[in-house]
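Remarks on the overall topology
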Amino acid sequence: MPTDDLPETFHVTTDEQLRALSNLTRHRIMAVLRFEPATITQIAGRVGLAKGSSSYHVRLLERAGLVKVVRTRKVRGVTERYYAMAAQSLVLPDPGEGGPDVLMRHAVADLEAAPADGERHVRMAHLRLTDEQFAELGERLQALADEYRKLSDPSLPDASLVFALFHPTRHEQAEGGAK
C-alpha cells in the first residue's frame, strides 16, 4: 500500500507537534510508518509495545497532525485503521542556540539500541571549509539522502541515515571571546 500520494514535506511548527516527536517511542512509531501504512497491531508488534500503549502514542501523533488514517477495512466486524506519516519527510525548526536537536538524540538512541554485531558506518570528520564549500557539502548530503530515499524499497530491512553539518562553538566563543 504505497504512500506516494502524500505531500513531500511536513513542517513541524507547533509545540504540540514538537512534544509529540520528542518522545523516543513515538519517534520509533514514525519510523515504522516511514515507508508503508500500518495498523495499531502491526505498529505494536514492530515497536515491541502493548496494543493499548501503541494506540495511545498513535493518537497523540494523529492529534498533532503527524500521522493520519489512510485506509480502513472491516475485519470480523471491527474497523481496522491503517496509519501513515502525514508527509514523506518532516522538517523540524532549528533547535536554537544550545538547544538539543531531538532527531540527533533519537538517532543516537536508535544507534545504541541497534544490534552490536550488525553492519554500521559511523564516522565523525572535522573539516575546515569556506562558506561556499560548507553550503555545497550540505546540498550534496541532502541530495544524496533524497536520492537513496527514492530508491528505498519497503520490503527491505530499515536503514537509518543521520548527518549533521554544523559549525561547533569554538572554545574562545564559549568563554565570551577571551583567548
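Residues numbered from 1 in each chain as written. Predicted model: local features only at pLDDT ≥ 70, side-chain atom pairs only at ≥ 80, totals over all residues. Heavy atoms only, no water.

**Quick notes on the overall build of the protein chain**
We count it as follows: In this text, helices come from DSSP runs of H or I with a minimum length of four residues, and strands from runs of E with a minimum of two, each type numbered from the N-terminal end. The buried label applies to any residue whose accessible area, calculated with a 1.4 Å probe on protein chains only, is under 20% of its type's maximum; exposed applies above 50%, and partly exposed to all values in between. Here, two residues are considered to be in contact whenever any of their heavy atoms come within 4.5 Å of each other. Where accessible areas are quoted, they stem from the Shrake-Rupley method and a 1.4 Å probe; at the residue level, only the protein chains shown are allowed to cover.
For the protein chain, the helix and strand inventory stands at 7 helices and 4 strands. Helices and strands in the protein chain line up, N terminus first, as β-α-α-α-α-β-β-β-α-α-α. The burial tally for the protein chain puts 22% of its 179 residues in the buried class. Within the protein chain, residue pairs in contact and separated by at least 24 positions form 62% of the contacts whose partners lie at least 6 positions apart. Entry remark: accessible area of the protein chain is about 12,900 Å², with carbon and sulfur atoms responsible for 52%.

**Quick look at a nonpolar patch on the surface**
Rules: Patch membership needs two things, relative accessible area over 30% and no salt bridge, and members are linked within 9 Å if like-charged or within 5 Å if nonpolar (Val, Leu, Ile, Met, Phe, Trp, Tyr). In the sections that follow, a salt bridge refers to a side-chain nitrogen of Lys or Arg positioned within 4 Å of a carboxyl oxygen of Asp or Glu.
Together, Leu-144, Tyr-148 and Leu-151 make up an exposed nonpolar region whose accessible area comes to about 340 Å². Take Tyr-148: it is sitting in helix α6 (residues 131-151). By relative accessible area, Tyr-148 is classed as exposed at 51%.

**Comments concerning the packing of helix α2 (residues 24-32) against helix α5 (residues 102-113)**
Heads up, the condition is: Each axis is a line fitted through C-alpha atoms, taken for helices only over the stretch in contact, and angles between the N-to-C directions span 0 to 180 degrees. For classification purposes, an angle smaller than 35 degrees is called roughly parallel, one larger than 145 roughly antiparallel, one from 65 to 115 roughly perpendicular, and anything else oblique. Gly is placed with the polar residues, together with every amino acid not listed as nonpolar (Ala, Val, Leu, Ile, Met, Phe, Trp, Tyr, Cys and Pro) or charged (Asp, Glu, Lys and Arg).
Where α2 meets α5, the axes come as close as 10 Å, and the angle between the chain directions of the two elements is 80 degrees. Relative to α5, the element α2 is oriented roughly perpendicular. In contact with Leu-24, His-27 and Arg-28 of α2, α5 contributes His-106, Ala-109, Asp-110 and Ala-113. Looking at the contact of α2 with α5, its residues break down into 3 nonpolar, 2 polar and 2 charged.

**Side note on the pattern of salt bridges**
Counting across every chain of the model gives 4 salt bridges. For the salt bridge of Asp-110 with Arg-28, the shortest nitrogen-to-oxygen distance reads 2.8 Å. Taken together, the positions of Asp-110 in helix α5 and Arg-28 in helix α2 put the pair 82 residues apart, joining distant regions of the chain. Using a relative accessible area of 23% as the deciding quantity, one classes Asp-110 as partly exposed. Exposure remark for Arg-28: the relative accessible area of 28% places this residue in the partly exposed category. The partner of Glu-80 in a salt bridge is Arg-73, and the shortest N-O contact between them spans 2.8 Å.

**Topic: the confidence of the model for the protein chain**
Stated precisely, the cut-off is as follows: A residue's pLDDT is simply how confident the predictor is in it, with values from 0 to 100.
The share of residues in the protein chain with pLDDT of 70 or more is 89%, and the mean pLDDT across the chain is 84. Summarising per-element confidence for the protein chain, the mean pLDDT is lowest in helix α7 (residues 171-174) (50) and highest in helix α4 (residues 51-63) (96).

**Focus on unusual backbone geometry**
If a residue is not glycine, its phi is most likely negative; likewise, a peptide bond is most likely trans. Even without being glycine, Arg-76 reaches a positive phi, approximately 50 degrees. With respect to the helices and strands, the residue Arg-76 is situated in the loop between β2 (67-75) and β3 (78-85).

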